[in-house]
Amino acid sequence: MQWFAQAPANIALIKYMGKKNSSNNTPMNDSLSYTLNKLTSNVALEACPGKRDVWESLDTPGLPPFELSQQAQTRFLAHLAFLKEHFNYKGAFIVRSNNNFPMGSGIASSASSFAALTRCAVRALSELTEEGLPDNDTQAKLSQRGSGSSCRSFYTPWALWTDTGVRAVTTIPYTDLYHQVILVSHEEKSVPSSQAHELVATSPAFEGRQKRAHDNMKSLLIAFEHKNWREAYEICWREFMDMHNMFQTSSPSFDYMNEATNELLIQLQKDWEQYGDGPIVTMDAGPNIHLIYQQSQREIADRFKRDFLIGNYDVL
Ligand code: PMV
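Given the structure is predicted, the values throughout are model-derived calculations rather than measurements.

Calculation criteria
- Every chain is numbered independently, its residues counted from 1 as its sequence is written.
- Predicted model: local features are reported for residues with pLDDT of at least 70 only, side-chain atom pairs are reported and counted for 80 or more only, and whole-chain, interface and lining totals are derived from all residues.
- Excluded from the side-chain calculations are hydrogens and water; all other atoms, namely the structure's heavy atoms, are used.
- The criterion for a residue being near a molecule or strand is simple. One of its heavy atoms has to lie within 4 Å of it.
- Within 3.5 Å is the distance limit for a polar contact, defined as a pair of N or O atoms, with the added protein rule that one can donate a hydrogen and the other accept it, and that residues adjacent in sequence qualify only through two side-chain atoms.
- For the accessible areas, the method is Shrake-Rupley and the probe is 1.4 Å, while residue cover comes only from the protein chains on display.
- By the convention adopted, Pro, Cys, Tyr, Trp, Phe, Met, Ile, Leu, Val and Ala count as nonpolar, Lys, Arg, Asp and Glu as charged, and the other residues, Gly among them, as polar.
- Within this scheme a cavity is a closed region of a 1 Å grid, computed over the protein atoms alone, that accommodates a 1.4 Å probe without allowing it to escape, whereas a pocket is open but has protein on both sides within 12 Å along at least five of seven lines; lining residues each have an atom within 4 Å of a point.
- Grid points are joined across faces, edges and corners, and a volume is the space filled by probe spheres set on the points.
- For helices the rule is a DSSP run of H or I covering at least 4 residues; for strands it is a run of E covering at least 2, with both sets numbered from the N terminus onward.
- Relative accessibility decides the category of a residue: with a 1.4 Å probe and only protein chains considered, values under 20% of the type maximum give buried, values over 50% give exposed, and everything between is partly exposed.
- By definition in these notes, contact holds between two residues if any of their heavy atoms fall within 4.5 Å.
- The set of buried Ala, Val, Leu, Ile, Met, Phe, Trp, Tyr and Cys residues whose side-chain atoms join them within 4.5 Å is what this entry labels a nonpolar core.
- Only the stretch in contact is used when fitting a helix axis, every axis being a line fitted to C-alpha atoms; angles between N-to-C directions are given from 0 to 180 degrees.
- Angular relationships are summarised with four words: roughly parallel below 35 degrees, roughly antiparallel beyond 145, roughly perpendicular across 65 to 115, and oblique for the angles in between.
- Left-handed describes a crossing whose near helix is turned anticlockwise from the far helix by less than a right angle; the clockwise case is right-handed.

### Brief notes about the site of the ligand
- Neighbouring the ligand are 14 residues, the closest being Tyr16, Ser149, Arg152, Ser193 and His197.
- Note that an oxygen atom of the ligand is positioned 2.9 Å from one of the side-chain N or O atoms of serine 193.
- Here an oxygen atom of the ligand and a side-chain polar atom of histidine 197 are 3.0 Å apart.
- Isolated, the ligand exposes 380 Å² of accessible area, and the fraction of that covered by the protein chains is 93%.
- Looking at side-chain class alone, the shell around the ligand contains five nonpolar, six polar and three charged residues.

### Re the layout of surface pockets
- A volume near 330 Å³ is recorded for the second largest pocket.
- Lining the second largest pocket are 17 residues, with Leu36, Asn37, Lys38, Leu177 and His179 positioned closest to its centre.
- Here the lining of the second largest pocket takes six residues from strand 4 (residues 31-48), the largest share from any one element.
- Across the lining of the second largest pocket, the residue classes tally to eight nonpolar, six polar and three charged.

### Points about the environment of leucine 58
- Checked against the element boundaries, leucine 58 lands in the loop between strand 5 (54-57) and helix 1 (70-86).
- The exposure class of leucine 58 is buried, given its relative accessible area of 17%.
- Taking the C-alpha atoms as reference, leucine 58 lies 23 Å from alanine 140; in sequence the two are 82 residues apart.
- What leucine 58 contacts, discounting residues up to four positions off in sequence, is Phe4, Asn42, Ala44, Arg96, Ser97 and Asn98.

### Description of the nonpolar core
- The biggest cluster of nonpolar side chains holds 49 residues, and the ones touching the most others in it are Leu32, Trp158, Leu220, Phe224, Ile280, Val281 and Ile289.
- Sort the elements by how many residues they give to this core and helix 6 (residues 229-248) lands first, with seven residues.
- Counting residues in each nonpolar core, the second largest holds 32 residues, with Ala5, Leu77, Val122 and Phe154 among its members.

### Brief notes about the side chain of threonine 118
- Counting through the fold element by element, threonine 118 comes out in helix 2 (residues 110-129).
- Judged by relative accessible area, which is 0%, threonine 118 ranks as buried.
- One polar contact links threonine 118 to histidine 79, side chain to side chain, over a distance of 3.0 Å.
- Here the side chain of threonine 118 touches serine 143 through a polar contact of 3.0 Å, side chain to side chain.
- Setting aside anything within four residues of it in sequence, one finds threonine 118 in contact with His79, Leu83, Gln139, Leu142, Ser143 and Phe154.

### Remarks on empty space enclosed by the protein
- In total, this model carries two cavities of 30 Å³ or more according to the counting rule given.
- Empty space within the second largest cavity amounts to approximately 40 Å³.
- Along its surface, the second largest cavity is lined by Leu268, Asp271, Trp272, Asp277, Gly278, Pro279, Tyr293, Ile300, Arg303 and Phe304.
- Listed by contribution, the elements that provide at least two residues to the lining of the second largest cavity are helix 7 (259-275) and helix 8 (298-309).
- Among the residues making up the lining of the second largest cavity, the classes are represented as six nonpolar, one polar and three charged.

### Side note on the packing of helix 2 against helix 3 (residues 136-146)
- Across the interface, helix 2 lies against helix 3 with an axial gap of 9 Å and an inter-helix angle of 125°. With respect to each other, helix 2 and helix 3 are oriented oblique. Between helix 2 and helix 3 lies a crossing of right-handed hand. Between helix 2 and helix 3, the residues in contact are Phe114, Ala115, Thr118, Arg119 and Val122 and Asn136, Gln139, Leu142, Ser143 and Gly146, respectively.
- Tallied by class, the residues present in the contact of helix 2 with helix 3 amount to four nonpolar, five polar and one charged.

So yeah, pure geometry; function would need other evidence.
In structure tokens form, the structure reads like this:
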């Protein structure tokens with residue numbers, strides 16, 4: 001028997017960084033994300049004899065086989081084991097997965113891949129155990145155990161995640177945004193986000209982070225409701241810089257920003273000053289820069305791409 005599911009990635013504008021409880025990924029602060037419906041992970045499960053689950057690449061004709069490090073496979077299969085335990089199911093599966101965005105693109109795939117695995121596994125397990133299918137909220141909660149940020153991928157276009165749960169936000173008037181990622185580096189991250197969550201607690205800036213994230217969240221929701229795009233850009237800029245400042249001041253310190261990142265950030269600021277308009281800019285735990293435009297800003301997006309990106313960086 002076989003099951004299949006797909007789930008999208010998401011990009012946080014108010015960042016989840018630091019955990020209250022690392023065993024169930026309870027976040028230190030609330031986060032807000034926009035769902036990236038074009039960037040997806042696919043998971044197929046096949047029930048098989050025996051007790052041991054195995055991972056394989058989900059092959060798509062015409063595309064090279066998908067690769068996952070041994071460590072990532074172990075983490076993926078551990079989440080499947082947790083879901084099987086939840087349903088009290090003892091059988092084994094072949095897990096096949098891939099992403100529709102290129103490997104090494106520096107896009108965090110843990111949110112989409114854990115959301116897709118959870119979606120697929122609850123379908124399979126509820127059918128095999130003849131239990132009811134858990135609702136979307138319950139699936140999101142189960143997914144959070146595997147990867148915190150994956151719980152936001154169950155809601156679209158906006159998700160708000162707090163220490164008590166995650167839900168869709170329906171009061172934001174921007175429901176169809178245009179997202180680009182500038183691939184500043186294709187290299188594997190030197191510090192994975194799981195480690196970043198721990199290290200930030202050593203930064204002097206960690207104290208007060210909850211309040212700053214809370215204030216940024218409040219101001220951003222108001223800016224969105226008032227359709228104040230410039231204000232939203234400024235809050236989001238402050239927010240990702242706050243997270244990167246904690247990285248840079250942790251012990252030991254670490255830094256995802258490189259020379260190219262810094263040059264591009266300066267250019268984006270200059271463009272905003274020159275034209276009085278531009279994208280919301282944000283960065284995750286990596287060197288790549290995410291740009292979020294309104295559909296009516298396509299010309300601005302094309303101009304920036306033509307003037308600064310084409311020939312220098314891949315853009316997804
Ligand atoms: O879900 P994790 O453990 O991969 O953490 C994600 C953390 C950030 O991407 C840096 C921020 C966020 O809120 O997505």
